[in-house]
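Remarks on the overall topology
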Amino acid sequence: MFIYLIKALMQTDEAAAVIVFVTLNTARSRIELVERLGRAKVKDKNLLKALNTLIERFNVCTRVRNEFNHCMYGIDDTGVMSHTQSFRIRDIDGLPALERPKPIDEGRIAHLLETIEEMKRINRELWDLVPRLHAHLAALG
């Protein structure tokens, strides 16, 4: 989706947007580019607010995605994944330590499924926003 936002905001073609997208090698850098381009180019405050709100919602979902993509999975005695162990280090009494393991329980799985549904909604809303961005930027000249 961010390729199409970049394409709209840069008022360029898909090939150029893809080149910019793959050149920026982190989701954070891609998001920052879209945010900065939005602030620089979008003059309609409601449209800019819609873009920024979708990015904020995306960032919330990304934290959940990152939590499950960038961790170690623990296995119980029966071979079932039982918990995740984050690679984040925190300070405990002046000493570095990994964060506490988090259980993979029904509540956590439900939260993950809710996040997936939210990502689907965000994706659809971003698809609705792209033509509005194109029209707005074209009208500005």
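Before reading on, note that the structure itself is shown above.
Below you will find a few notes about this structure. (Residues numbered from 1 in each chain as written. Predicted model: local features only at pLDDT ≥ 70, side-chain atom pairs only at ≥ 80, totals over all residues. Heavy atoms only, no water.)

Topic: the overall build of the protein
Along the backbone of the protein there are 5 helices and 5 strands. When the helices and strands of the protein are read in sequence order from the N terminus, they spell out α-α-α-α-β-β-β-β-β-α. Relative to the 2.2 N^0.38 estimate, which gives 14 Å for 141 residues, the radius of gyration of the protein is 19 Å and therefore markedly larger than a compact globule would have. Contacts spanning at least 24 positions in sequence make up 50% of the contacts within the protein whose residues lie at least 6 apart. Counting only carbon and sulfur atoms, one obtains 57% of the accessible surface of the protein, whose full area is about 9200 Å². Side chains of the protein carry 21 positive and 19 negative charges; the gap between the two charge centres is 8 Å. (Helix = DSSP H or I, 4+ residues; strand = E, 2+ residues; numbered from the N terminus. Rg over C-alpha atoms; globule rule 2.2 N^0.38 Å. Contact = heavy atoms within 4.5 Å. Areas by Shrake-Rupley, 256 points an atom, 1.4 Å probe, with all protein chains shown as cover. Lys, Arg positive; Asp, Glu negative; His and termini not counted. Charge placed at Lys NZ, Arg CZ, Asp CG, Glu CD.)

Describing the nonpolar core
Core analysis: the biggest nonpolar cluster contains 24 residues, and Leu5, Leu9, Val34, Leu51, Leu129 and Leu133 have the highest contact counts within it. Those elements that place two or more of their residues in this core are helix H1 (2-10), helix H3 (27-41), helix H4 (45-69) and helix H5 (106-140). The dominant element in this core, judged by the number of residues it contributes, is H4, at 7 residues. Excluding anything up to four places from it in sequence, Val34 contacts Phe2, Leu5, Ile6, Leu9, Leu51 and Ile55. (Core = buried A, V, L, I, M, F, W, Y, C linked by side-chain atoms within 4.5 Å. Buried < 20%, exposed > 50% of the residue type's maximum accessible area, 1.4 Å probe, protein only.)

Regarding the sheet that holds strand S1 (residues 71-75)
With antiparallel pairing, 3 strands are arranged side by side in an open sheet as S1-S2-S5. Of all strands in the sheet, those with a lone pairing partner are S1 and strand S5 (102-103), marking the two edges. As judged from the 5 bridges shared by S1 and strand S2 (residues 81-86), these two strands associate in the antiparallel manner. What sits directly across from Ile75, in S2, is Met81. Across the face of the sheet, H4 comes into contact with S1, S2 and S5 while running at roughly 55° to S1. (Pairing = 2+ DSSP bridges. Axes fitted to C-alpha atoms, helices over the stretch in contact; angles between N-to-C directions.)

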